[in-house]
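Here's the letter readout for the chains.
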Amino acid sequence: MGDTLEFNEIYQEVKGSWNDGRLRFAKQNVVYKSSKTGKVDNIPAGELNLAQWRRVCLGHGIKLSTNSGHVYKYDGFRDTDFEKISEFFKANYKVELTEKDMCVKGWNWGTAKFSGPLLSFDVNESTAFEVPLSSVSQCATGKNEVTLEFHQNDDAEVSLMEVRFYVPPGQSDEGQDPVEAFAQNVLSKADVIQATGDAVCIFKELQCLTPRGRYDIRIYPTFLHLHGKTFDYKIPYTTVLRLFLLPHKDQRQMFFVISLDPPIKQGQTRYHFLILLFSKEEDLSLTLNMSEEDVERRFEGKLSKNMSGSLYEMVSRVMKALVNRKITVPGNFQGHSGAQCITCSYKASSGLLYPLERGFIYVHKPPVHLRFEEISCVNFARGTTTTRSFDFEIETKQGNQYTFSSIEREEYGKLFDFVNAKKLNIKNRGFKEGIKGNKDEYSDSDEDQHDAYLERMKAEGKIREEGNDSEESDGESDESFNPGEEDDDIAEEYDSNASESDSSDGGDDSEQEEKSKKKAKIPKVVKEKKERKPRREKKQKDTGGPKRPMSAYMLWLNASRERIKSENPGISVTEISKKAGEMWRQLGKDDKEEWDGKAVEAKKAYDKAKKEYNESGEGASAAAAKKESKKKPAKKEEKKRKSAGGDKEKDRSSGGGGGGGSSGGANDSFKSKEFIETSEDSSSETERKSKSKSKSKSKSKGKRKEESEEEAASTPHSSELEESD
């Protein structure tokens, strides 16, 4: 056997990716050189203490362990290489190459063992998988869970990002919580960001929208630490992509948005944006935990040791200096209300859309950032529920579509001009430019574009109108209804002997009566509407009484108004009230007590004047006079209504006729015009039927009379018979 063994196309696993290279076993050392990176692993022969031969995904592999605790794994050997390598190890390294079987059952319940830099998960004393702790980037604990997060490898197509271990409750050998013991073993060997040293500065109890809650933010030289009541997050500055400082629409608050890639994770939730909300009125005096020389050398004048100002300015200034990235603010866009954002809804939650110089950003749930480079086209769509709003749709080059709905129609012109100025592709440009000339047409006119939903509604309305017209025409045609003709039509359609129906005389009178009864229209009864109860009269203010006293603030404002105007020339009325409010809040207790005393004196004077006014009787007499003046016209109106109602009842009883007249005595309720017409039709129909019945009866009586006379004439009387005898 030679002094060396060399193997090509041997693979080494690095954070989830396979890197190929060459492996050489020499008498003095083991050398592996990566073909991709050129990195060389040199393992002295005297350091080797363990060698295992294992069946792995790429054929067979060797696991080597050293006295210093390092572990090296190389895969890609053939089955026939085992004997050759085993003999070489025995002869040169004095180490036996042992075969180790891996567990392939697929069980997820086993034992976790920490051996050096590896976490081994064993099932029935056979290794299922191993986790190199140097690849762990974060370790979080729960009630009975430990979550391991891993560093992302840009070269790997698919990366393992997270593994969760369930640790059953109980006590460990040393009486320690098993979850904490597991986490400590991981952190002792993991490549986790440790909060070593003092923080540069600390911001206490900042309001965070995503992830939601209040967090203490500790600023370290290389990472950002969010410490909350439930969760902690460590964010390296290398993962920060962009910084945004956005004013709220109410002009009282500010959003500070930090874009992250990779995002921070909490369970299955990923937070790609860290959004902080500040009030403009919050001020802060900040002192950096560094010497002035270090601050000057590190930040080159961007920061100073002692700073003061608004809280959002301090946070954004520190983040800009540490991350070394520019802060994006809204551009020249101004909406209808003068704000630099547009109120809209995205995925059933309301938020704010900010048109920026190079993209759009929506805050806050869920946050969305769209750059102009990735936008394929935009579309202005009519609102689905009302014409007082519209939708703004953005389609990206990857095929994703974002719809921002419920935007006020007044914002349309400003947004269209902005999109047009940025030269974005507008899908329905022709339609929207026609609308732009006349904004009122957008909400009221239906002629600028074919609306399928509107056309369908119009068609349904026409069908209903035709149906109502046909019912009315049926009711009117009852006056000229001929049962015989109707029977003929029915016979022609349905009977096989249609010719017989033409020659027939219409059948018996009884059949005609039954069919005419079926065709007679049943009149609709209109229910009488109940009269509404009159509303209660509002209490009238007594204008003759003394005026109520002013508060302490109003007394002070009246006395100070001219002084405020002189100190602030050109100030508006609304600004005076704002300025006065600020000055009143800044007044001391002694100054306010003076005006409080004046307000108390004014209140006493008012009570005294009010009492004298009520005792004099002027207030009671004035109130009674007003009530009487209001009651008189009310009574007149009631008499008018009653007289009008009586006239209507008379007209109704006289014009009803037939059935309408008979019902008027029994029921005095109001009857519509249609009811009266149908009742007249039905009464006239019944009269015709009764006349036809009386005629038929008289005819039958006349026939019976003639028959009886003929019989009487044909039969001889008894006297004639006697004479013949």
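Source: prediction; values computed, not measured.

## What about the sheet that holds strand 19 (residues 240-247)?
- Sheet architecture is open: eight strands sit in the order 18-17-16-15-21-20-19-24, paired in mixed fashion. Among the strands making up the open sheet, the edge pair consists of strand 18 (232-236) and strand 24 (327-328).
- Across five bridges, the pairing between strand 17 (residues 223-227) and strand 18 is antiparallel. Its bridge partner lying in strand 18, His-225 is registered against Lys-234.

## Things to note about the side chain of Lys-63
- For Lys-63, the location among the structural elements is in strand 6 (residues 59-66).
- Among the polar contacts made by the side chain of Lys-63, one reaches the side chain of Glu-130 at a distance of 2.9 Å.
- Apart from residues no more than four positions distant in its own chain, Lys-63 is found in contact with Leu-50, Ala-51, Gln-52, Arg-54, Val-71, Tyr-72, Lys-73, Leu-118 and Glu-130.

## Topic: the nonpolar core
- If you look at the biggest cluster of nonpolar residues, it comprises 40 residues, and the most contacted ones within it are Phe-203, Ile-219, Leu-224, Phe-256, Val-315, Val-318 and Met-319.
- At nine residues, the largest contribution of residues to this core is made by helix 4 (residues 311-323).
- When sequence neighbours within four positions are dropped, the list of residues in contact with Met-319 reads Ile-219, Leu-224, Leu-243, Phe-256, Ile-258 and Asn-324.
- One finds Ile-342, Cys-344, Leu-353 and Phe-372 within the second-largest nonpolar core, a separate group that totals 26 residues.

## Quick word on the confidence of the model for the chain
- With 69% of its residues at a pLDDT of at least 70, the chain reaches an overall mean of 76.
- Overall, residues 652-669 carries pLDDT values under 50, and its contacts beyond four positions in sequence, including any with other chains, amount to 14 contacts.

## Comments concerning the sheet that holds strand 14 (residues 162-166)
- Spatially, three strands are ordered 12-13-14 in an open sheet, and the strand pairing comes out antiparallel. Across the chains shown, the open sheet's two edge strands, defined by having one partner strand only, are strand 12 (136-141) and strand 14. For this sheet, the mean angle separating the axes of adjacent strands, direction not counted, is 20 degrees.
- In this structure, strand 13 (residues 145-150) lies alongside strand 14, joined through five bridges in antiparallel fashion. Across the sheet, the residue bridging to Leu-148 is Val-163, located in strand 14.
- On the sheet, helix 2 (residues 178-189) packs against strand 12, strand 13 and strand 14 and is oriented at approximately 170 degrees with respect to strand 12.

## Observations regarding a positive patch on the surface
- Judged by side-chain charge, Lys-302, Lys-320, Lys-326 and Arg-358 come together as a positively charged surface patch.
- Note that Lys-302 resides in the loop between helix 3 (292-299) and strand 23 (306-310).
- Exposure remark for Lys-302: the relative accessible area of 41% places this residue in the partly exposed category.

## Digging into the environment of His-225
- Considering the arrangement of structural elements, one finds His-225 in strand 17.
- Distance from His-225 to Ala-199, taken between C-alpha atoms, is 9.4 Å for residues 26 residues apart in sequence.

Calculation notes
- Residues numbered from 1 in each chain as written.
- Predicted model: local features only at pLDDT ≥ 70, side-chain atom pairs only at ≥ 80, totals over all residues.
- Heavy atoms only, no water.
- Pairing = 2+ DSSP bridges.
- Helix = DSSP H or I, 4+ residues; strand = E, 2+ residues; numbered from the N terminus.
- Polar contact = N/O pair within 3.5 Å; in protein donor to acceptor, adjacent residues only side chain to side chain.
- Contact = heavy atoms within 4.5 Å.
- Core = buried A, V, L, I, M, F, W, Y, C linked by side-chain atoms within 4.5 Å.
- Buried < 20%, exposed > 50% of the residue type's maximum accessible area, 1.4 Å probe, protein only.
- pLDDT = per-residue confidence, 0-100.
- Axes fitted to C-alpha atoms, helices over the stretch in contact; angles between N-to-C directions.
- Patch = residues over 30% accessible without salt bridge, like charges linked within 9 Å, V, L, I, M, F, W, Y side chains within 5 Å.
- Areas by Shrake-Rupley, 256 points an atom, 1.4 Å probe, with all protein chains shown as cover.
- Salt bridge = Lys/Arg side-chain N within 4 Å of Asp/Glu carboxyl O.
- Lys, Arg positive; Asp, Glu negative; His and termini not counted.
- Charge placed at Lys NZ, Arg CZ, Asp CG, Glu CD.

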